[in-house]
Amino acid sequence: MHNRRGSSNKSAKPFDVRKTFGSYSLKCSAWQKLDGVSTDDDATLELYRLTENGEGVVGGLALPGVLKAAVVLAASRASLRRVVDGFEEEGSNDDAEEEDEEDEGEHSRFETFEKNSFRSPKFWLRWSGVPARSKASKSLSEEQYETGLGYIVFAGNDCRKFKATINCSSLNWKDAPVTGHKIAGRSESDISVTWGKGEVEM
């Protein structure tokens, strides 16, 4: 008994948030049921890197014909709120200041997510974009950015598969179910992703 317990503790590794980085193919029945959506089109989630403050994961969501959005994942609602508040109040904060802190900070940025090291890592999600329905109902000059919440639960620490939900008020989606599987992993990428109407770099 003791040996078994000891070996399982030894083999337990902290969750590495970089395992989330990659391209995911999505299935979403709420999206597939909408008029004008072609099942030949691929719905995808791309996850690229951590946010500057290390509390969120930056990505992009594509539901072709319906929604293209910037996405941020965080390990708790509180940290998600902090990340999004930072984007929304920031406009342009050029932090060329503290390069010295970067090496020390690099390690702790990834440690932020180690507590999320259960067998099924869970993340709150918020997206920002212009749903096609709201685009169609407004003049082009009045495109209305929306944000919505969601939730992702990965099937394991390798982050190969997940189950999720997504909300979108203009599409009347409330906890619409989404599943995803990883089609390619990636190392941290600096692909440009912007948040909201002010196009704040994430």
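Only a predicted model underlies this, so the values are computations on that prediction, with no experimental measurement involved. (Residues numbered from 1 in each chain as written. Predicted model: local features only at pLDDT ≥ 70, side-chain atom pairs only at ≥ 80, totals over all residues. Heavy atoms only, no water.)

### Brief notes about the overall build of the protein
Basically, it comes down to this: For helices the rule is a DSSP run of H or I covering at least 4 residues; for strands it is a run of E covering at least 2, with both sets numbered from the N terminus onward. Each residue is placed in one exposure class: buried if its accessible area under a 1.4 Å probe, protein chains only, is under 20% of its type's maximum, exposed if it is over 50%, and partly exposed if it falls in between. By definition, residues are in contact when any of their heavy atoms lie within 4.5 Å. Accessible areas in this description were obtained via Shrake-Rupley with a 1.4 Å probe; residue shielding takes into account the shown protein chains only.
What the protein contains, in helices and strands, is five helices and ten strands. Expressed as a percentage of its 202 residues, the buried residues of the protein come to 42%. For the protein, the share of sequence-separated contacts (at least 6 apart) that also reach a separation of at least 24 residues comes to 62%. Element-wise, carbon and sulfur atoms account for 45% of the exposed surface of the protein, whose accessible area totals about 12100 Å².

### Details of the pairing of strand E8 (residues 173-185)
A regular strand places its side chains on the two faces of the sheet in alternate fashion. Stated formally: Only strands that DSSP links by at least two bridges are regarded as paired with each other.
By the bridge criterion, six bridges tie strand E1 (residues 22-27) to E8 in an arrangement that is antiparallel. Bridge pairing in E8 links Ser-25 to His-181. Bridge count between strand E7 (residues 161-168) and E8: seven bridges; the pairing is antiparallel. In the strand pairing of E8, Thr-165 is matched with Pro-177. Between the antiparallel neighbours E7 and E8 lie four residues, among them Asn-172 with a positive phi of about 60 degrees.

### Some points on the pattern of salt bridges
This is how the line gets drawn: Only one rule defines a salt bridge in this text: a Lys or Arg side-chain nitrogen within 4 Å of an Asp or Glu carboxyl oxygen.
Counted according to the given criterion, the structure contains four salt bridges. Here Asp-158 and Arg-160 are joined by a salt bridge, their closest N and O atoms 3.6 Å apart. Residue Arg-160 is classed as exposed on the basis of its relative accessible area of 55%.

### Thoughts on the sheet that holds strand E3 (residues 56-63)
Under the convention used in this document: Structural elements are reduced to axes, namely lines fitted to C-alpha atoms, with helices fitted over the stretch in contact, and the angle between N-to-C directions of any two is expressed from 0 to 180 degrees.
Taken in spatial order, the eight strands line up as E1-E2-E3-E4-E5-E6-E7-E8 and close into a barrel, and their pairing is antiparallel. Each neighbouring strand pair of the sheet contributes to a mean axis angle of 30 degrees, computed without reference to strand direction. Of the strand pairs in this sheet, strand E2 (residues 43-50) and E3 are connected by six bridges, and their pairing is antiparallel. Note on E3: the bridge partner recorded for Leu-45 is Leu-61.

### As for the side chain of Ser-189
With respect to the helices and strands, the residue Ser-189 is situated in the loop between E8 and strand E9 (194-195). The contact partners of Ser-189, leaving out residues within four places of it in the chain, are Tyr-48 and Arg-49.

### Topic: the confidence of the model for the protein
Threshold: Per residue, pLDDT measures the predictor's confidence, with a range of 0 to 100.
Of all residues in the protein, 73% attain a pLDDT of 70 or more, and the chain-wide mean is 80. Averaged pLDDT values over the elements of the protein bottom out at 43 in helix H4 (residues 101-111) and peak at 97 in E1. Long-range and interchain partners of residues 94-110, a stretch whose pLDDT sits below 50, account for ten contacts in this model, where long-range means more than four residues apart. This stretch, residues 114-118, has a pLDDT under 50; its non-local contacts, to residues over four places away or in other chains, come to twelve contacts.

### As for the environment of Ser-23
Inspection of the secondary structure assignment puts Ser-23 in strand E1. Here Ser-23 falls in the buried class, since its relative accessible area comes to 11%. For the pair formed by Ser-23 and Lys-182, sequence separation is 159 residues and the distance between their alpha carbons is 5.8 Å. Discounting chain neighbours no more than four positions away, the residues touching Ser-23 are Leu-45, Glu-46, His-181, Lys-182, Ile-183, Ala-184 and Arg-186.

### Quick notes on the pairing of E3
Judged by how many residues are buried, E3 sits mostly within the fold: seven of eight residues are covered. Here E2 folds back onto E3, and the loop between the two strands holds five residues, one of which, Gly-54, carries a positive phi near 75 degrees. Note: E3 against strand E4 (residues 67-74), eight bridges, orientation antiparallel. The residue of E4 that forms the bridge with Gly-59 is Val-71. Linkage of E3 to E4, two consecutive antiparallel strands, is achieved through a turn of three residues, within which Gly-65 is found at a positive phi near 85 degrees.

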